Amino acid sequence: MDTKLNNRPLYEDVADKLREQIFSKKLHPGSWLDEQSLADQFGISRTPMREAIKVLASEGLVTIKMRRGAYVTEVFRSDLEQIFTILSLLEGQAAKEAATKATEAQLNLLDHLHHRLETAAADRDIEQFFEINVKFHELIQEIAGNRWMSGVVGDLRKVLKLHRRDSLTSTGRLQNSLLEHREILRALLKRDEAAAESAMQKHLANGLEAVR
């Protein structure tokens, strides 16, 4: 692995590589992370590998078990219900705040992202829909301007990313998700705090039903 491409600590680059392998399912949920084998694969020592695993553990993507090592996190139904409960509270609050804090330029950008969602849905392009969906939600967090909230939401959404295909490929979910985003956008454009919060919470509640 080339360590001269940037000034980031090596373990951060390693964490990025491991994260990609987890999201692509090359490293499956529940699989053991063999530090030495992975270090050999990346051509590095075990120290940056160990630090990278700690980073992923802090994000919830890796679970470290006492005297047993590190494993790719398995997300169960009870975990999903707890995660969506927290997201509903936090993202609902973010949407509420965004309704009054958003500039016209930011609202235009949200509108642009929604048009791209419409196109992806029409093309049945689930991967593209998911990526734009992430940007839509991240922009709302950015507008709300609470970095602590954004940090928690970001980590929880990384865990949910392991289930993204399960939710969006459910019967009718892609189209329903699009309609829900339309309601969120409509409330934000009207600067209706209560409607924005309610629409976001409804969207997340329906997302939970889809992954159940």
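Owing to the predicted nature of the structure, the values given are computational and were not obtained by experimental measurement. (Residues numbered from 1 in each chain as written. Predicted model: local features only at pLDDT ≥ 70, side-chain atom pairs only at ≥ 80, totals over all residues. Heavy atoms only, no water.)

Side note on the side chain of histidine 181
Within the fold, histidine 181 resides in helix α9 (residues 173–189). Of the polar contacts made by the side chain of histidine 181, one reaches the side chain of asparagine 133; its length is 2.6 Å. At 2.8 Å, the side chain of histidine 181 and the backbone oxygen of serine 177 are in polar contact. Other than its neighbours up to four places away in sequence, histidine 181 contacts His114, Leu117, Asn133, Phe136, His137 and His203. (Helix = DSSP H or I, 4+ residues; strand = E, 2+ residues; numbered from the N terminus. Polar contact = N/O pair within 3.5 Å; in protein donor to acceptor, adjacent residues only side chain to side chain. Contact = heavy atoms within 4.5 Å.)

A few points about the layout of surface pockets
As a volume, the largest pocket reaches approximately 330 Å³. What lines the largest pocket is a set of 15 residues, among which Val134, Glu138, Gly154, Arg157 and Lys158 lie closest to the centre. When residues of the lining of the largest pocket are traced back to their parent elements, those giving at least two are α1 (10–23), α6 (126–144) and α7 (147–160). In terms of residue count, α6 provides more of the lining of the largest pocket than any other element does, seven residues in total. Looking at the lining of the largest pocket residue by residue, the class counts come to four nonpolar, four polar and seven charged. In this structure, the second largest pocket encloses a volume near 170 Å³. Together, Trp32, Leu33, Asp34, Glu35, Gln36, Arg46, Arg50, Ile53, Lys54, Ile64, Gly69 and Ala70 line the second largest pocket. (1 Å grid on protein atoms, 1.4 Å probe; cavity = no way out; pocket = protein on both sides within 12 Å on 5 of 7 lines; lining within 4 Å. Points joined across faces, edges and corners; volume = space filled by probe spheres on them. Nonpolar A, V, L, I, M, F, W, Y, C, P; charged D, E, K, R; others polar.)

Points about the environment of glutamine 175
As for its position among the elements, glutamine 175 is in helix α9. Distance from glutamine 175 to alanine 122, taken between C-alpha atoms, is 8.8 Å for residues 53 residues apart in sequence.

Brief notes about the side chain of glutamate 35
Its place among the elements puts glutamate 35 in helix α2 (residues 35–42). A relative accessible area of 17% means that glutamate 35 is categorised as buried. In terms of polar contacts, glutamate 35 uses its side chain to reach the side chain of arginine 50, at 3.3 Å. Setting aside its immediate chain neighbours within four residues, glutamate 35 contacts Arg46, Met49, Arg50 and Ile53. (Buried < 20%, exposed > 50% of the residue type's maximum accessible area, 1.4 Å probe, protein only.)

Some thoughts on the nonpolar core
Judged by nonpolar contacts, the single largest core of 60 residues is most densely connected at Leu18, Ile22, Leu33, Met49, Leu110, Ile140 and Leu188. Ranked by residues supplied to this core, first place goes to helix α4 (residues 77–101) with eight residues. Contact partners of leucine 188, with chain neighbours within four places excluded, come to Ala95, Ala98, Ala99, Leu107, Leu110, Ile140 and Ala196. (Core = buried A, V, L, I, M, F, W, Y, C linked by side-chain atoms within 4.5 Å.)

Some points on the pairing of strand β2 (residues 69–72)
The sheet contact formed by strand β1 (residues 62–65) and β2 spans four bridges and is antiparallel. Paired with lysine 65 across the strands is glycine 69, a residue of β2. A loop of three residues connects β1 with β2, the two strands running antiparallel in sequence, and arginine 67 in this loop sits at a positive phi of about 60 degrees. (Pairing = 2+ DSSP bridges.)

Digging into α2
When α2 is considered as a whole, its buried residues turn out to be Glu35, Leu38, Ala39 and Phe42. The buried residues of α2 occupy one face: seen down the axis, they fall within an arc of 100 degrees. The opening residue of α2, the one whose side-chain oxygen lies 3.2 Å from the backbone nitrogen of glutamine 36, is aspartate 34. Where α2 terminates, the next one or two residues include glycine 43, which has phi positive at roughly 70 degrees. (Arc of directions from axis to C-beta.)

Observations concerning α9
Its 17 residues give α9 an end-to-end C-alpha distance of 24 Å, which sits within 8% of 24 Å, the value for a rise of 1.5 Å per residue. When α9 is considered as a whole, its buried residues turn out to be Arg173, Leu174, Ser177, Leu178, Glu180, His181, Ile184, Leu185, Ala187 and Leu188. Just downstream of α9 lies arginine 191, where phi reads positive at about 55 degrees. (Expected span 1.5 Å × (residues − 1).)

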